[in-house]
Amino acid sequence: SSRRRHTRLQGDWSSDVCSSDLTIVALKHLYPKLSSGGYCIIDDFFLGPCRQAVEDYRREHHITEPLIPIDKFAVYWRRSGTPAADSRNLPGEPQ
């Protein structure tokens, strides 16, 4: 199966149930395909239930990499393991 260098999720902050459900479904299907060293970017993390869905998924799957804020809405983390070949730094990551 194809591996991904990054996954970016955007919730729908206008609908609490929809956002939480869609976030969990997206993580369940996309995160396992994320390469070691790849980035998981969550838009709308600080809006509505998206944050709770992400925290629940991370806890259930023992994901402990730090969440790094991008701006007032989004966060990312880098999946542990060997860095991807194209390792451009994202905001908040050491150069």
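Just so you know, these numbers come straight off a predicted model, no measurement behind them.

Caption draft 1: Representation of the overall build of the protein within the structure. Along the backbone of the protein there are 2 helices and 4 strands. Reading the protein from its N end, one meets helices and strands in the order β-α-β-α-β-β. Relative to its full complement of 95 residues, the protein shows a buried share of 34%. Long-range contacts, defined as pairs at least 24 residues apart, comprise 66% of the intrachain contacts of the protein with a sequence gap of at least 6. Taken as a whole, the protein presents about 5900 Å² of accessible surface, with 52% of it coming from carbon and sulfur.

Caption draft 2: How the structure looks around the pattern of salt bridges. Counted by the stated rule, this structure contains 2 salt bridges. For the salt bridge of arginine 51 with glutamate 55, the shortest nitrogen-to-oxygen distance reads 3.0 Å. Residue arginine 51 and its partner glutamate 55 are both found in helix 2 (residues 50-60); the two are separated by 4 residues, about one turn of the helix. The exposure class assigned to glutamate 55 is partly exposed, which follows from its relative accessible area of 28%. Between aspartate 56 and arginine 59 there is a salt bridge, with its nearest N and O atoms 2.4 Å apart.

Caption draft 3: Here's a closer look at the confidence of the model for the protein. For the protein, per-residue confidence averages 76 on the pLDDT scale, and residues scoring 70 or more make up 65% of the total. Ranking the elements of the protein by mean pLDDT puts strand 1 (residues 4-10) last, at 59, and strand 3 (residues 68-69) first, at 96. Counting contacts from residues 82-91, a segment whose pLDDT is below 50, to residues more than four positions away or on other chains yields 21 contacts.

Caption draft 4: Just helix 2, in detail. Regarding helix 2, the residues found buried are Cys50, Ala53, Val54, Tyr57 and Arg58. Down the axis of helix 2, the sector holding all buried residues measures 130 degrees, keeping them to one side. Counted as exposed and oriented over 90 degrees from the buried face of helix 2: Arg59 and Glu60. Directly after helix 2, the chain includes histidine 62, whose backbone phi takes a positive value near 55 degrees.

Caption draft 5: Spotlight on the pairing of strand 4 (residues 75-78). Sheet topology note: the strand 2 (residues 34-43)/strand 4 ladder contains 4 bridges and is antiparallel. If you follow isoleucine 42 over to strand 4, its bridge partner there is valine 75. Bridge analysis of strand 3 against strand 4 gives 2 bridges, and the strand direction is antiparallel. Its bridge partner lying in strand 4, proline 69 is registered against valine 75. Counted between consecutive antiparallel strands, the loop separating strand 3 from strand 4 contains 5 residues.

Rules and cut-offs
Residue positions are counted from 1 within each chain, in the order its sequence is given. Residue-level local features of this predicted model are given only where pLDDT is at least 70; pairs of side-chain atoms are given and counted only at 80 or more, and the full residue set underlies all totals for whole chains, interfaces and linings. Excluding hydrogens and water, the side-chain values take into account all heavy atoms of the structure. Strands are runs of DSSP state E lasting at least two residues, helices are runs of H or I lasting at least four, and both sets are numbered from the N terminus onward. Note on exposure labels: buried denotes an accessible area under 20% of the residue type's maximum, exposed denotes more than 50%, and partly exposed covers the range between, all computed with a 1.4 Å probe on protein chains only. Working rule for contacts: check all heavy atoms of both residues, and any pair within 4.5 Å makes them a contact. Surface accessibility follows the Shrake-Rupley procedure with a 1.4 Å probe radius. Residue values consider only the protein chains on display as shielding. Within this document, salt bridges are pairs made up of a side-chain nitrogen of Lys or Arg and a carboxyl oxygen of Asp or Glu, the two lying within 4 Å of each other. pLDDT: the predictor's confidence for each residue, scored from 0 to 100. This arc is built from the directions going out from the helix axis to the C-beta atoms. Pairing between strands requires that DSSP locate at least two bridges from one strand to the other.

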